[in-house]
Amino acid sequence: MARIIIVAMLLIAAVGGGVLYYQQVYAYYDTVAASPDAVQLTSVSTGEAEPIVVAEFQGIDAISSPLRYRACFETPLSLAMLTETFEIVDSAEPRVAPGWFDCFDAAQIGADLRTDAVAFMGIENIAYGIDRIVAIYPDGRGYAWHQINECGEVVFDGNPVPEDCPPIPESTE
């Protein structure tokens, strides 16, 4: 009888672990459709996000967290033109994507941001405290992800909103 209980407990644990793994890696992700404004960068002159020309767009997102957005694409725009026109971000840190979204390699993108890729502000505060960051390579490859900004770090730690941060919208409090 004890063996049956032990085997049942192990089976329940294995099934529970499998369900938890599936939910974390696959369950909540949806494909993001390509659109004319799928990738936007913040203009240096206006401070507003403007769409750029992209091709071969692949994106995923999830409603379970604003940090789960990832995208891969190509752009014909030159890196020289982009750096003169759009806001550069120095503190970009790509977040790891699920293994099945194989076009996005956060470790490689992070290493390349120190050498040849350039990170741009996509959309600031796309959700409160979360920015969309876009990295583009000289050959036109591009990647996008969401990253917690300075205001988000403070507020998400439970501290009051700093004076230089926008107020928290009522719907997210």
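Residues numbered from 1 in each chain as written. Predicted model: local features only at pLDDT ≥ 70, side-chain atom pairs only at ≥ 80, totals over all residues. Heavy atoms only, no water.

K.L.:
Looking at this structure, I do not really get a nonpolar patch on the surface. What am I missing?
P.N.:
On the surface, Met 1, Ile 4, Ile 5 and Met 9 cluster together to form a nonpolar patch covering roughly 490 Å² of accessible area. Inspection of the secondary structure puts Ile 4 in helix 1 (residues 2–27). (Patch = residues over 30% accessible without salt bridge, like charges linked within 9 Å, V, L, I, M, F, W, Y side chains within 5 Å. Areas by Shrake-Rupley, 256 points an atom, 1.4 Å probe, with all protein chains shown as cover. Salt bridge = Lys/Arg side-chain N within 4 Å of Asp/Glu carboxyl O. Helix = DSSP H or I, 4+ residues; strand = E, 2+ residues; numbered from the N terminus.)

K.L.:
When you look at the packing of aromatic side chains in this model, what are you seeing that I'm missing?
P.N.:
The way to describe two aromatic rings as a pair is by their centre distance and the angle between their planes. In total, this model carries 5 aromatic pairs according to the counting rule given. Consider the rings of Tyr 29 and Trp 100, whose centres lie 5.6 Å apart with planes at 80°: the pair is edge-to-face. Remark: Trp 100 occurs in the loop between helix 2 (79–85) and helix 3 (106–113) and Tyr 29 occurs in strand 1 (residues 29–32); sequence separation between them is 71 residues. The exposure class assigned to Tyr 29 is buried, which follows from its relative accessible area of 13%. (Phe/Tyr/Trp six-rings, centres within 6.5 Å; stacked < 30°, edge-to-face > 60°. Buried < 20%, exposed > 50% of the residue type's maximum accessible area, 1.4 Å probe, protein only.)

K.L.:
Teacher, can you tell me more about the environment of Pro 66 here?
P.N.:
Mapping Pro 66 onto the fold places it in the loop between strand 4 (55–62) and strand 5 (70–74). By relative accessible area, which is 41% here, Pro 66 ends up partly exposed. Taking the C-alpha atoms as reference, Pro 66 lies 9.3 Å from Ile 148; in sequence the two are 82 residues apart. Those residues in contact with Pro 66, other than ones at most four positions away along the chain, are Ala 127, Ile 130 and His 146. (Contact = heavy atoms within 4.5 Å.)

K.L.:
Would you mind going over the side chain of Asn 149 with me for this structure?
P.N.:
With respect to the helices and strands, Asn 149 occurs in the loop between strand 8 (141–148) and helix 4 (150–156). At a separation of 2.8 Å, a polar atom in the side chain of Asn 149 contacts the main-chain amide nitrogen of Gly 152. In this structure, Asn 149 is in contact with Asn 125, Gly 129, Ile 130 and Asp 131, ignoring residues within four places of it in sequence. (Polar contact = N/O pair within 3.5 Å; in protein donor to acceptor, adjacent residues only side chain to side chain.)

K.L.:
Please explain the layout of surface pockets as it appears in this structure.
P.N.:
Over the atoms, a rolled probe matching the size of one water molecule traces out where space is still vacant. Taken as a whole, the largest pocket holds about 420 Å³ of empty space. Along its surface, the largest pocket is lined by 22 residues, and Ser 91, Asp 131, Ile 148, Asn 149 and Glu 150 are the ones closest to its centre. Only strand 6 (118–127), strand 7 (130–136), strand 8 and helix 4 provide two or more residues apiece to the lining of the largest pocket. With 4 residues, the single largest contributor to the lining of the largest pocket is helix 4. The residue makeup of the lining of the largest pocket, split by class, is 9 nonpolar, 4 polar and 9 charged. (1 Å grid on protein atoms, 1.4 Å probe; cavity = no way out; pocket = protein on both sides within 12 Å on 5 of 7 lines; lining within 4 Å. Points joined across faces, edges and corners; volume = space filled by probe spheres on them. Nonpolar A, V, L, I, M, F, W, Y, C, P; charged D, E, K, R; others polar.)

K.L.:
Teacher, can you tell me more about the pairing of strand 7 here?
P.N.:
Residues in a regular strand point their side chains to alternate faces of the sheet. The element strand 7 is largely enclosed, with a buried count of 7 among its 7 residues. Residues Ile 130, Arg 132, Val 134 and Ile 136 of strand 7 are buried on one face, and the alternating residues Asp 131, Ile 133 and Ala 135, pointing to the opposite face, are buried as well. Where strand 6 lies against strand 7, 6 bridges are found, and the strand directions are antiparallel. Following the sheet pairing, Ala 119 is matched in strand 7 by Ala 135. (Pairing = 2+ DSSP bridges.)

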